[in-house]
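Now for the letters of each chain:
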Amino acid sequence: MSDTNSVAIMNQVPDAAAGVRAESPLHHADLATVAHKGNKIGGVHFREVGLMGHLTLRCDPNNAELIGAAARVLGVELPLTPLSSVESGGTIVRWIAPDEWLITVPNDQSFDLETRFRAEMSGHYSLVNGSGGLTIYQVSGENVVDMLKKSTPVDLHDSEFPVGKVVSTVFAKSGAVIRRTGANEFELLVRRSFADYLWLWIQSASAEFGLVVEA
Amino acid sequence: MLHIYCPHCCEYREEEEFHVKGQAHLARPLDPEACSDKEWGEYLYFRKNPRGLHHELWVHAAGCRKFFNVTRDTVSYEIKEVYLIGEKPSVVAASVSAK
Ligand SMILES: [Zn+2]
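Please read all numbers here as calculations on a predicted model, not as lab measurements.

Some words on the coordination of the zinc ion
All names here are of chain B.
Part 1: Taken together, Cys6 (SG), Cys9 (SG), His60 (ND1) and Cys64 (SG) make up the full set of protein donors to the zinc ion, lying 2.0 to 2.4 Å away.
Part 2: Coordination at the zinc ion is tetrahedral, judged from the four donor atoms that bind it and the angles of 106 to 116° they form at the metal.
Part 3: Written as a sequence motif, the donor residues of the zinc ion are C-x2-C-x50-H-x3-C. Of this pair, Cys9 sits in the loop between β1 (3-6) and β2 (11-14) while His60 sits in the loop between β4 (53-59) and β5 (67-73), and the two are 51 residues apart along the sequence.

Side note on the sheet that holds strand β3 (residues 19-23) of chain B
Residue and element names in this part refer to chain B.
Part 1: Spatially, β3-β4-β5-β6 is the arrangement adopted by the four strands of the open sheet, whose pairing is antiparallel. Of all the strands in the sheet, just β3 and β6 (79-83) have a single pairing partner and so form its edges. Taking each pair of neighbouring strands and ignoring which way they run, the sheet shows an average axis angle of 30°.
Part 2: The sheet contact formed by β3 and β4 spans three bridges and is antiparallel. Residue pairing across strands places Gln23 opposite Glu56, the latter belonging to β4.

Here's the deal with the interface of chain B and chain A
Part 1: With 13 residues of chain B in contact, the opposing surface of chain A contributes 17 residues.
Part 2: Between chain B and chain A, roughly 1100 Å² of surface is buried when both sides are summed, and carbon and sulfur atoms account for 52% of that area.
Part 3: Looking at the side of chain B facing chain A, the largest losses of area belong to B:Glu11, B:Arg13 and B:Lys66, adding up to 32% of the total buried there.
Part 4: Run the count over chain B and chain A and you get three salt bridges.
Part 5: Viewed at the interface, chain A and chain B are joined by six residue pairs in polar contact (both at pLDDT 80 or more).
Part 6: Looking at the side of chain B that touches chain A, its residues break down into four nonpolar, two polar and seven charged.

A closer look at unusual backbone geometry
All names here are of chain B.
Part 1: One non-glycine residue, Cys10, lies in positive phi territory at about 60°.
Part 2: Positionally, Cys10 belongs in the loop between β1 and β2.
Part 3: Phi at Arg65 takes a positive value of approximately 65°, unusual for a residue other than glycine.
Part 4: What makes Arg65 partly exposed here is its relative accessible area of 44%.

Some remarks on the pairing of strand β1 (residues 44-49) of chain A
Residues and elements named next belong to chain A.
Part 1: Of the pairings in the sheet, the one linking β1 to strand β11 (residues 211-214) comprises four bridges and is parallel in character. Each residue of the ladder has a partner; that of His45, found in β11, is Val212.
Part 2: As defined by bridge partners, β1 adjoins strand β7 (residues 134-140) across five bridges and the pair is classed as antiparallel. Paired with Arg47 across the two strands is Gln138, which belongs to β7.

Quick look at the environment of B:Glu42
Part 1: Examined against the element boundaries, B:Glu42 turns out to sit in helix α1 (residues 37-45).
Part 2: Remark: the alpha-carbon pair of B:Glu42 and B:Ile85, spanning 43 residues in sequence, is separated by 22 Å.

Considerations on the pairing of β5(B)
All names here are of chain B.
Part 1: In terms of burial, β5 is a largely internal element, six of the seven residues being buried.
Part 2: Bridge count between β4 and β5: seven bridges; the pairing is antiparallel. Bridge assignment links Val59 to a residue of β5, and that residue is Phe67.
Part 3: Bridging between β5 and β6 involves four bridges; their strand directions are antiparallel. Looking at the pairing, Asn69 lines up with Tyr83 of β6.
Part 4: Adjacent in sequence and paired antiparallel, β5 and β6 are bridged by five residues, among which Tyr77 carries a positive phi angle near 70°.

Conventions we followed
- Residues numbered from 1 in each chain as written.
- Chains lettered and ligands numbered in written order.
- Predicted model: local features only at pLDDT ≥ 70, side-chain atom pairs only at ≥ 80, totals over all residues.
- Heavy atoms only, no water.
- Donors = N, O, S within 2.8 Å, 3.2 Å for Na, K, Ca; no water.
- Tetrahedral: all angles 85-135°; square planar, octahedral: opposite > 155°, others 65-115°.
- Helix = DSSP H or I, 4+ residues; strand = E, 2+ residues; numbered from the N terminus.
- Pairing = 2+ DSSP bridges.
- Axes fitted to C-alpha atoms, helices over the stretch in contact; angles between N-to-C directions.
- Contact = heavy atoms within 4.5 Å.
- Buried area = accessible area lost by both parts, 1.4 Å probe.
- Salt bridge = Lys/Arg side-chain N within 4 Å of Asp/Glu carboxyl O.
- Polar contact = N/O pair within 3.5 Å; in protein donor to acceptor, adjacent residues only side chain to side chain.
- Nonpolar A, V, L, I, M, F, W, Y, C, P; charged D, E, K, R; others polar.
- Buried < 20%, exposed > 50% of the residue type's maximum accessible area, 1.4 Å probe, protein only.

Here is the structure:
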């Protein structure tokens, strides 16, 4: 398609071979050292899953052609049910709004995925690579819900917030996309510019339960 | 604290996730150049301030970032209904519905 070719895409993954170093938003916190020296047991566990490929897809959910093309590219159907997510291999697709999804893949696959989207889809849609602006915090442990309750007004009870549910909400006067990945395991998708603040917040909010940093 | 139902997320969320964006159903004049100063000024600046039922535009700012309409009682703050953009309210003030 000619309109497809007019979109300029570039591989945003820093090229290590060319000497370009990639730093996740919490690079400065040196979590490997914190993990080595810090608590080994505690009620909250924290891990940064940095340097993933983050793609925001927007299109009309009633456009069967686009929805079908997205499913072919992703190998999995876009979740159309509000606040749901699907996972397939390393690809996670989160419902953000009726016409918006946030897709994450291992970073080395993001350029390929973007290229295939551009080849398969045409017409009125939008695909934005936000990899440089986002990071993921994995929080888990027996007190993880207690820590999250201090940070967000969303109802986290199992009956209201089952595994796989995803919500965009306020988090510690900032924002986060929260997804439940297990009974006591959540994923927080946060902005790079808030990453340090939220890392400090989570340390403070977890202090009474004991925080175990993993790297 | 209001508990507000987002018709896009299909669940109730806390008020702090939302912003109110003022009076709903404001139709922008199709041809602004053809408006008198009075018509354009009223479109831009003049808003209802009723005691009782009010139709407002809200946005789920921290959530899905979608807009929707709310019918709210400005005396009790009670939200009477939530409805999508493009839909008409079903709860309307007696003086309006009598017309
Ligand atoms: Zn919403």
